[in-house]
Structures are given as structure tokens and as C-alpha cells.
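Residue strings, one per chain:
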Amino acid sequence: MGDQTAWFFVALALVLGVARLCGAGARRLGQPEVVGEIVAGVLLGSTLLSPNWGWRDAVPYAEVQPLLGALANVGLALFMFVIGYEMDPAFVRGSGRTALWVAAGSVLLPLAGGSLVALPYAADHGPSGAPGFILFVGVALSVTAFPVLARILADQRLDHTPVGRVAMAAAGVNDLIAWACLAVVAALFSDAAAWRMLFLPVYLALLLLVVRPLAAHLLRNGGQGAPGSAGTVVLVVAGLMASCAATEWLGIHFVFGAFAFGAVMPREAAEERVRVAVLDGLEKSATPLLLPLYFVIAGTRVDLSTFRAAHLGGLAAMLAVAVATKVIGAGLGAVAAGLPRPEVFTLAVLMNTRGLTEVVILTVGLQLHFIDAEFYAILVVMAVLTTVMTSPLLPTPDAPTPQLPTPRPPSPTHPTQKHP
């Protein structure tokens, strides 16, 4: 046990150190840190943690990997809670019908195109059957990375422009629809006992009728101490872990429990100061440390040495369909909303960002056996490439930014997005 614990800390130091170096390198190249973290995982999985290297037998990585995975899952749960908590409906309402048109186009066309392009690969890469594989690939291609998009907008100085607000609102609606679709696919095609799904309405009712009022009381009174105190954060995290356990038991993965728990948290003005304090506490402490660990471990599952010509063909097909359907779908939505051509192009490029959220969804699909390891690697590479191409295609920060018809501004109670 002592040796295992020692190797766990060695592996943790290695993973975090490499993740930090690669993340910093990605930032210097004008890319989101998550791109560097995934690359770090691919590098580690292909070198130090690869069975093809002689020292793999001397380092008991297989023994410490479950410990690293558990720690990474805690970071993912905290991150999904923050995403759900920050997805304020008032923020979406502030951008009006434009965001809804863009979100609809950026979901429906990729969902249909992804399902169609998945058909030839279902027999070879769908462990749980063709229907689950096809629908999952459609959902995966419809994703837009809400947190990564926020960081790209900030880097490009577009976050306070009308086009930036529309993009953020549309991405929020997009991800909400994508997670809902994935929850349906998981409920229909996962290996969980069917009778457990009968308790899903009970779980949702408890969230809305019991958890939300209790959380409002907790945030309004600041828990056992001052508003935003450590005691309040601990109670919120305890409820979050219980929600994750409930959805994992139901068979629809713990990320849905984390997201749903954040989504039902109250957002009234009386609780806003505590809300911001809770989010800041998680975003500045736990998630920056634990979330990179998750993406590095996700990257270690990508074994590029197994890529063959057939895999490259699959990657080309997925990449082409992912980019074309997302850009055309978002563009058509923007045109339907009445936006001029420069804003249409900018929104279409922004909505093609997949990155972080995509990798989370792909990992869920791998764990639920909707896709196999080979197709997981193909889709992860696709996610990285679509994220990398976003910043170079955007107008330069010094270029004049075309002005949209200014929508009603977001609710003043919505906190500033701070995701990496």
C-alpha cells in the first residue's frame, strides 16, 4: 500500500506537470489550454505510459490509474456543476431570437449529418449496437464547447461585443440541447437495469421541489457562517456528490447529475452574492487543479500508433461532416435571424468550437460503450482540430468589429464567464 501511494503521488506530479507545460505551450500558440492538456495525455499515453516502453513494467501505472481517474472524476463533477450553475436563462433571453436561431441550426444539421455519416462505421465500432452508436455520433458532432468558446472570445476581445453575446447565448442553448439528447440516448441504450430508469422522474422532482428550495434557504442565510463561507461551499459540494451518485445509479452517468444539480440552483438576487462566491471558490481552487487531470487521462486513451489508413479515412469523414454541418447550420440560423454576412461568418466559426465539452461527451460515450477505443481516438482528434482552427479563422482583434442590432443585455445577476 505504501508503494502504491508513493507511485500515485509520482504519477499525479508527472501528469499535472506535463499538463501545465503543454497547456502553457498551447496558450503561447494562441490556443485554449485544453488543447495542450489533451496533447499532453496523448504524449504520455504514447511514451511514458505506453506498454511499448520497457519501464512500463517497473512503474505500476495500472494500479494508480483508478486513483487518478477517481480524482479526475471529482474535478469533472465540479466543472459540470459550475457549467450548470452559470447557464442562467436570463443570459439566453438577453440575446433573444437570434441566439435561438443560431443554436437550432448548429444542433439540428450536425445531429442529422453526424447520424448519417456514422452509418458505415456502426457495425465495426458500436459495442452496444448500431442505434446507440449512430445517435451518439450525431449528438457528439452537434456539440459546441461553451467554456472554451468563452475563453476564445476573451482572447479575441469579442466577449463584450453583440456578436460575442449572441455566440455565448447560442452555445449555452446548444450545449443544453446536446446534454439533453445524450441523456435520452444513455437512458435508451445504456446497459443499466431498465427498472432503475423508472426512478428518473422521482429524481427530477426531488431536484425541483426539495433541493432547489433548500438551496435557496442555504444561500440566502449563508449556511453556518457568512455568505460564501467554506461551510456553504462544503454543503453545496456534498449535495452535488449525492446528485452524481443518484444519476450514476440510474445508469445515465454522473455528469448529468452534476449538470442538473447546478442547473436547479437558485439565481434570485438575494442569493447572488453567495452564488458568485461559491463559483469563484470552485473555479479558483478545485477545478483548475483537477480538471486538467481529467483531460490528460482522456488523452492517454488515444493511441495514435494504432491508426491505420481506414482510421484516417474515418477521421477525414468525421472532420469534414463536423465542420460543414456546424458552420452551415449555424450560418443558416444566423441568416434566418436576419444578421448580415460578416456576423454570419463569425458566428458560424465560433460555433464550430468543440474542445473541452466534446471530450467530456466522448469519454462518457466510451464509458457507456456507445463507441469503441478506436473511434474514440478518431473523434478526439476531430475535436482538437475543430477547436484549433477556430482562432485563426476569426477576424484579428485590431480589425473593426461589425455591430449587430444590439439585443437586450444579459441579466445583471449573471456572473462573468471565467472558464479556461
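Asker: Explanation requested: the nonpolar core in the structure shown.
Answerer: Side chains of nonpolar character tend, in soluble globular proteins, to be buried together. Among the nonpolar cores identified, the biggest contains 127 residues, and Phe81, Phe133, Trp179, Val255, Phe295 and Phe375 are the most heavily contacted of them. With 13 residues, helix 9 (residues 162–189) is the largest single contributor of residues to this core. Those residues in contact with phenylalanine 133, other than ones at most four positions away along the chain, are Ala118, Tyr121, Ala122, His125, Gly126, Phe370, Ile371 and Phe375.

Asker: So what exactly am I meant to see when it comes to the side chain of threonine 144 here?
Answerer: Its place among the elements puts threonine 144 in the loop between helix 7 (130–141) and helix 8 (146–155). One polar contact links threonine 144 to asparagine 174, side chain to side chain, over a distance of 3.4 Å. Of note is the side chain of threonine 144, whose polar atom sits 2.7 Å from the backbone oxygen of methionine 351. Discounting residues that sit within four places of it in the chain, threonine 144 has contacts with Leu149, Ala171, Asn174, Asp175, Lys326, Leu350, Met351, Thr353 and Thr357.

Asker: I'm lost on the pattern of salt bridges in this one. Help?
Answerer: Any two side chains of opposite charge can pair, so long as their charged atoms come close to each other. Per the counting criterion, the structure on display carries one salt bridge. Here glutamate 358 makes a salt bridge to arginine 354, at a shortest N to O gap of 3.6 Å. In terms of burial, glutamate 358 and arginine 354 fall into one category: buried.

Asker: What exactly am I supposed to notice about a nonpolar patch on the surface here?
Answerer: Together, Trp195, Leu198, Phe199, Val202, Leu206, Leu208, Leu209, Val210, Leu214 and Trp249 line one region of the surface with nonpolar side chains, adding up to about 1,100 Å² of accessible area. Mapped onto the elements, valine 210 comes out in helix 10 (residues 200–221).

Asker: Which parts of the structure should I look at to understand the packing of aromatic side chains?
Answerer: Aromatic ring pairs are defined here through the distance separating the ring centres and the angle between the ring planes. Applying the stated criterion to the full structure yields nine aromatic pairs. Ring geometry for phenylalanine 199 against tryptophan 249: centres 5.8 Å apart, planes inclined by 65°, an arrangement best described as edge-to-face. Note that phenylalanine 199 is positioned in the loop between helix 9 and helix 10 and tryptophan 249 in helix 11 (residues 230–250), a separation of 50 residues in sequence. Classification of phenylalanine 199 by relative accessible area gives partly exposed; the value is 39%. Residue tryptophan 249 is classed as partly exposed on the basis of its relative accessible area, which comes to 38%. The structure contains a cluster of three or more aromatic residues connected by ring pairs, namely Phe81, Tyr85 and Phe261.

Asker: Which parts of the structure should I look at to understand helix 15 (residues 341–351)?
Answerer: Every α-helix carries 3.6 residues per turn, so stepping three or four residues along brings you back to the same face. Of all 11 residues in helix 15, eight are buried, a share of seventy percent or more. Along helix 15, the residues that are buried comprise Glu343, Val344, Thr346, Leu347, Ala348, Val349, Leu350 and Met351.

Analysis parameters
- What you see as residue numbers is a count from 1 along each chain, following the sequence as written.
- Predicted model: local features are reported for residues with pLDDT of at least 70 only, side-chain atom pairs are reported and counted for 80 or more only, and whole-chain, interface and lining totals are derived from all residues.
- Side-chain calculation: all heavy atoms of the structure are included, whereas hydrogens and water are not.
- Only buried Ala, Val, Leu, Ile, Met, Phe, Trp, Tyr and Cys residues count toward a nonpolar core, and they belong to the same one when joined by side-chain atoms within 4.5 Å.
- The rule is simple: take the accessible area with a 1.4 Å probe, protein chains only, and divide by the maximum for that residue type; under 20% is buried, over 50% is exposed, in between is partly exposed.
- A run of H or I in DSSP becomes a helix once it reaches four residues, and a run of E becomes a strand once it reaches two; helices and strands are each numbered from the N terminus.
- Contacts are residue-level and defined by heavy atoms, with any inter-residue pair within 4.5 Å sufficient.
- By the criterion applied in these results, polar contacts are pairs of N or O atoms within 3.5 Å in which, for protein atoms, one can donate a hydrogen and the other can accept it, and in which residues neighboring in sequence qualify only through two side-chain atoms.
- Salt bridges, as used here, are contacts in which a Lys or Arg side-chain nitrogen is within 4 Å of a carboxyl oxygen on Asp or Glu.
- Like-charged residues are merged into a patch within 9 Å and nonpolar side chains (Val, Leu, Ile, Met, Phe, Trp, Tyr) within 5 Å, provided each residue has over 30% relative accessible area and no salt bridge.
- The protein chains shown are the only cover counted for residues, whose accessible areas, like all others here, come from Shrake-Rupley with a 1.4 Å probe.
- Pairing of aromatic rings covers Phe, Tyr and Trp, the last through its six-membered ring, and needs centres within 6.5 Å; plane angles under 30 degrees mean stacked, over 60 mean edge-to-face, and all others mean tilted.

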